[in-house]
Amino acid sequence: MSPCDQRLRMGSAALRTGLSRLLVLSLTLGMCACATLNEAECLAADWRLIGLEDGSQGLPLAQLGAHRKACAKHGVTPDLESYQQGHRQGALVFCGSPANGFAKGRAGATGYETFCPQAVAGQFLAAYAHGRQVYQAEQVLTDARRALQVVREELEQLHEHKNTHTAAVVAEDTSPQERRQLLAELEDLQFRVLELQELLADHELAVALARQDLEQLLVDAAY
């Protein structure tokens, strides 16, 4: 018997004996994704339990489409009503934890504004919104760091060019005309270096401010 079969049977037994939804959830955690169901698992599927599992993991009702596709080649059609019933129960469990909302928001997940049953939506959505703020702050910090790195790399290249030009200027085999050209180019290089040094300071400040904003959001996150 596969692990999926075992968990399905355990969950079904738990439902029959009247165990709590949380216990059913604990029994089904780690159940194989339905896209991996084989013929035997599709035939034995408890669609209420599968819906419960999906809902408890924050997966949308649209996940049923993946189940339908996985089992269609075995001639099995999901029980929509049972799946939806289980999914509602799972969503209650999932949305009952604000930490789940924060985690989904911080991961950049979308579509949770209408996922939760109204009875448990309030705290979940507040935490989800906070997580989204953290996600956006992390993106700002990442972009700021990337921009800073670009400036640093260009500065490094400019310094290498300056060193090469300086060496060529003092080389004995450099002609007067070449030397004048090199000196003019050195002047341009130095001007660009000064520009980038100012830009570097701006980007360093942007990184510092972005990091500060992110840290404050994380301090305020009590999840």
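Further up the page is the structure itself.
Caption draft 1: Representation of the overall build of the protein chain. The number of helices and strands found in the protein chain is nine helices and zero strands. Starting at the N terminus and ending at the C terminus, the protein chain contains elements arranged as α-α-α-α-α-α-α-α-α. The buried share of the protein chain, taken over its 223 residues, is 35%. Across the protein chain, the fraction of contacts at a sequence separation of at least 24, relative to all contacts at a separation of at least 6, is 72%. As displayed, the protein chain offers around 13000 Å² of accessible surface, 53% of which is attributable to carbon and sulfur atoms.

Caption draft 2: Just the state of the cysteines, in detail. This structure, assessed with the given rule, holds two disulfides. Each disulfide pairs two cysteine sulfurs, and for Cys-42 the partner residue is Cys-71, the sulfurs being separated by 2.1 Å. One quick way to see it: the torsion about the S-S bond of Cys-42 and Cys-71 is about -85°, and its sign makes the bridge left-handed. Taken together, the residues Cys-42 in helix H3 (residues 39-44) and Cys-71 in helix H5 (residues 64-72) connect sequence positions 29 residues apart. By the burial criterion, Cys-42 is buried, and Cys-71 matches it. With a sulfur-sulfur separation of 2.0 Å, Cys-95 is cross-linked through a disulfide to Cys-116. Between Cys-95 and Cys-116, the disulfide has an S-S torsion of -80° and is therefore left-handed. A residue pair is termed long-range when its members are at least 10 positions apart, and Cys-95 in helix H6 (residues 80-95) and Cys-116 in the loop between helix H7 (98-106) and helix H8 (118-170) qualify at 21 residues.

Caption draft 3: Representation of H6 in the model. The first and last C-alpha atoms of H6 sit 22 Å apart over 16 residues, in line with the 22 Å expected at 1.5 Å per residue. If you check the start of H6, you find a side-chain oxygen 3.3 Å away from the backbone N of Glu-81, and it comes from Asp-79.

Caption draft 4: Representation of the environment of Glu-81 within the structure. If you trace the backbone, Glu-81 turns up in helix H6. Using a relative accessible area of 64% as the deciding quantity, one classes Glu-81 as exposed. Along the chain, Glu-81 and Trp-47 lie 34 residues apart, while their C-alpha atoms are 8.7 Å from each other.

Caption draft 5: Looking closely at helix H4 (residues 47-56). H4 sits mainly inside the fold: nine of its ten residues count as buried. N-capping of H4 is provided by Asp-46, with a side-chain oxygen placed 3.2 Å from the backbone N of Arg-48. Just downstream of H4 lies Gly-58, where phi reads positive at about 80°.

Caption draft 6: Up close: the pattern of salt bridges. A complete count under the given rule lists five salt bridges for this structure. Across the pair Arg-152 and Glu-204 runs a salt bridge whose closest N-O atoms are separated by 3.8 Å. One end of the pair, Arg-152, is in helix H8; the other, Glu-204, is in helix H9 (residues 176-220), with 52 residues separating them in the sequence. The exposure class assigned to Glu-204 is partly exposed, which follows from its relative accessible area of 37%. In this structure, Glu-195 and Arg-192 form a salt bridge, with 3.1 Å as the shortest nitrogen-oxygen distance. Residue Glu-195 and its partner Arg-192 are located together in helix H9, separated by three residues, close to a single helical turn.

Caption draft 7: Region of interest: the packing of H4 against H5. Two numbers describe how H4 lies on H5: the axes approach to 11 Å, and their chain directions differ by 135°. The pairing of H4 with H5 is recorded here as oblique in orientation. Remark: the crossing between H4 and H5 carries right-handed chirality. Touching Trp-47, Ile-50 and Asp-54 of H4 are Leu-64, His-67 and Cys-71, all from H5.

The rules behind the values
- Residues numbered from 1 in each chain as written.
- Predicted model: local features only at pLDDT ≥ 70, side-chain atom pairs only at ≥ 80, totals over all residues.
- Heavy atoms only, no water.
- Helix = DSSP H or I, 4+ residues; strand = E, 2+ residues; numbered from the N terminus.
- Buried < 20%, exposed > 50% of the residue type's maximum accessible area, 1.4 Å probe, protein only.
- Contact = heavy atoms within 4.5 Å.
- Areas by Shrake-Rupley, 256 points an atom, 1.4 Å probe, with all protein chains shown as cover.
- Disulfide = S-S within 2.5 Å.
- Expected span 1.5 Å × (residues − 1).
- Polar contact = N/O pair within 3.5 Å; in protein donor to acceptor, adjacent residues only side chain to side chain.
- Salt bridge = Lys/Arg side-chain N within 4 Å of Asp/Glu carboxyl O.
- Axes fitted to C-alpha atoms, helices over the stretch in contact; angles between N-to-C directions.
- Parallel < 35°, antiparallel > 145°, perpendicular 65-115°, else oblique.
- Left-handed = near helix turned anticlockwise from the far one by under 90°.

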